[in-house]
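Listed below are the residues making up each chain.
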Amino acid sequence: MKVNVLLSPNNVDELYFTGKTSVAIDVLRATSVIVQALNNGAKEIIPVGSIDFAMKISVNAHGGQTLLCGERNTKIIDGFDLGNSPQDYTKGLVHGKSIILFTTNGSKAVVKAKYSDKLFITSFNNLSIVAEHLTELDKDVEIIAAGSHGMFCMEDTICAGALIQKMQSLKEDIEITDAAKASLVLNEQFGSNVLEMLRESEHGKLLIKNGFEDDLKFCAEIDNMPIIPFYKGGEIKLFKKNNI
Ligand code: MLT
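Parameters at a glance
Residues numbered from 1 in each chain as written. Predicted model: local features only at pLDDT ≥ 70, side-chain atom pairs only at ≥ 80, totals over all residues. Heavy atoms only, no water. Helix = DSSP H or I, 4+ residues; strand = E, 2+ residues; numbered from the N terminus. Rg over C-alpha atoms; globule rule 2.2 N^0.38 Å. Buried < 20%, exposed > 50% of the residue type's maximum accessible area, 1.4 Å probe, protein only. Contact = heavy atoms within 4.5 Å. Areas by Shrake-Rupley, 256 points an atom, 1.4 Å probe, with all protein chains shown as cover. Lys, Arg positive; Asp, Glu negative; His and termini not counted. Charge placed at Lys NZ, Arg CZ, Asp CG, Glu CD. Phe/Tyr/Trp six-rings, centres within 6.5 Å; stacked < 30°, edge-to-face > 60°. Lys NZ or Arg CZ within 6 Å of the ring centre and 35° of its normal. Near = heavy atom within 4 Å. Polar contact = N/O pair within 3.5 Å; in protein donor to acceptor, adjacent residues only side chain to side chain. Nonpolar A, V, L, I, M, F, W, Y, C, P; charged D, E, K, R; others polar. Axes fitted to C-alpha atoms, helices over the stretch in contact; angles between N-to-C directions. Parallel < 35°, antiparallel > 145°, perpendicular 65-115°, else oblique. Left-handed = near helix turned anticlockwise from the far one by under 90°. Core = buried A, V, L, I, M, F, W, Y, C linked by side-chain atoms within 4.5 Å. Salt bridge = Lys/Arg side-chain N within 4 Å of Asp/Glu carboxyl O.

When helices and strands are tallied, the protein chain shows 10 helices and 11 strands. The C-alpha radius of gyration computed for the protein chain amounts to 16 Å, which stays within 12% of the reference 18 Å derived for 244 residues, consistent with globular compactness. Expressed as lengths along the three principal axes of its C-alpha atoms, the size of the protein chain is roughly 50 × 40 × 30 Å. Each of the 244 residues in the protein chain was classed as buried or not, and the buried ones make up 55%. Taking as baseline every contact in the protein chain between residues at least 6 positions apart, the subset at least 24 positions apart corresponds to 77%. Accessible surface, the protein chain: about 10,900 Å² in total, of which carbon and sulfur atoms supply 49%. Averaging the coordinates of the 25 positive side-chain charges in the protein chain and doing the same for the 31 negative ones gives two points 5 Å apart.

Structure representation (structure tokens):
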């Protein structure tokens, strides 16, 4: 079993993922939102790559059963129901609903990896259960750090490193690429206090400046939502073993 980390999804094209087992990470905040929404009973998340497309598909959505969600420049988009703060995705609001999600980097990273044979979503909130499932699958894995505007970012790379560390604790002889090794080293160096690491990250600082400091605390929680979000046919749902 070999594990690679894509330090930015921009380094590859969509076809790169064909037939692969992939995991998408955008700690601040898209994949933390996805985990929270599904944990609170959302029916599905529909990740999209543009606001126009989000608007277009929401027109055909059943009134009341679909929420249009996401952010531009970290803030809620005009006409949308929710922004990108995980704790806004409460049971009361999202239970049983379909969520159309557009975000600057995270939803686009998921869409980019859509040709994967299997595509999972993780954040610090569900790290161990995803690591366990990946080691059980015993297939080569591509971890996609969503990054920021096509660039490397600390929090996604460190989360990738934490995921690999967990996998190594469960399975011997995992082969790792140079990028995976670098992610492990960064996690060893900066991952012991996740909240502090998020506060010191570029995007974390921007979120604090824009009034979203509480989101960082939420996104820093480890394994508080042991669920596996799984992408199939344009939708992210809770993974159930007999569904795939
Ligand atoms: C993204 O996809 O870039 C993020 O989730 C942005 C954010 O913090 O809302």
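A few words on the packing of aromatic side chains. In this structure the tally under the stated criterion is four aromatic pairs. Between the aromatic rings of Phe230 and Phe239, the centroid separation amounts to 5.7 Å while the plane-to-plane angle is 65°, which identifies the pairing as edge-to-face. Connected via pairs of aromatic rings, a cluster forms that spans Phe120, Phe230 and Phe239. Positioned above the aromatic ring of Tyr16 is the side chain of Lys20, whose terminal nitrogen or guanidinium carbon lies 3.5 Å from the ring centre. The aromatic ring of Phe212 is capped on one face by Arg29, whose charged end is 4.6 Å from the ring centroid.

Taken together, Asp26, Leu28, Arg29, Ala30, Glu71, Asn84, Thr103, Thr104, Asn105, Gly106, His203 and Leu207 make up the full set of residues adjacent to the ligand. Taking Leu28, its main chain carries an N or O atom lying 3.4 Å from an oxygen atom of the ligand. With respect to the ligand, the side chain of His203 contributes an N or O atom lying 2.6 Å from an oxygen atom. Protein coverage of the free-state accessible area of the ligand, which is 270 Å², stands at 99%. A breakdown of the residues in the shell around the ligand according to their chemical character gives three nonpolar, six polar and three charged.

Moving on: the environment of Ala162. Inspection of the secondary structure puts Ala162 in helix 6 (residues 154-170). Given the relative accessible area of 10%, Ala162 is considered buried. Spatially, the C-alpha atoms of Ala162 and Ser128 are 9.2 Å apart, while their sequence positions differ by 34 residues. Residues in contact with Ala162, not counting those within four places in the same chain, are Phe124, Leu127 and Asn187.

Two elements in contact, helix 5 (residues 127-137) and helix 6, have axes whose closest approach is 9 Å; the angle formed by their N-to-C orientations is 55°. By the angle between their axes, helix 5 is oblique relative to helix 6. The two elements helix 5 and helix 6 cross, and the hand of that crossing is right-handed. Contacts from Leu127, Ser128, Val130, Ala131, Glu132, Leu134 and Thr135 of helix 5 reach helix 6 at Cys159, Ala162, Leu163, Lys166, Met167 and Leu170.

This brings us to the packing of helix 6 against helix 7 (residues 178-190). Between helix 6 and helix 7, the least distance of the axes is 7 Å, while the angle of their chain directions is 100°. As the angle between them shows, helix 6 and helix 7 are arranged roughly perpendicular. Side by side, helix 6 and helix 7 meet where Met154, Thr157, Ile158, Ala160, Gly161, Ala162, Ile164, Gln165 and Gln168 of the first sit next to Ala180, Ser183, Leu184, Leu186, Asn187 and Phe190 of the second.

Once that is clear, we can look at the nonpolar core. In this structure, Phe124, Ile143, Leu163, Met167 and Leu198 are the most contacted members of the largest nonpolar core, which totals 38 residues. Here this core takes seven residues from helix 6, the largest share from any one element. Beyond its immediate stretch of four places on either side in the chain, Leu163 contacts Val23, Thr122, Leu127, Val130, Ala131, Leu134 and Ile143. Judged by nonpolar contacts, the second largest core, of 30 residues, contains Val12, Tyr89, Ile99 and Ile144.

Side-chain pairing between opposite charges can occur once the charged atoms of the two side chains come close. Scanning all chains against the criterion turns up 10 salt bridges. For Arg29, the salt bridge identified is with Asp215, shortest N-O distance 2.7 Å. Linking Arg29 in the loop between strand 2 (21-25) and helix 1 (30-39) with Asp215 in helix 10 (residues 213-219), this pair joins segments that are 186 residues apart in sequence. We note a salt bridge from Glu196 to Arg199, for which the minimum N-O separation is 4.0 Å. In this pair, Glu196 and Arg199 both sit in helix 8 (residues 194-200), three residues apart, roughly one turn of the helix. Since its relative accessible area comes to 37%, Glu196 is described here as partly exposed. In this structure Arg199 comes out as partly exposed when scored by relative accessible area, which is 25%. Within this structure, Lys43, Glu44, Glu235 and Lys237 form a network of salt bridges that share partners.

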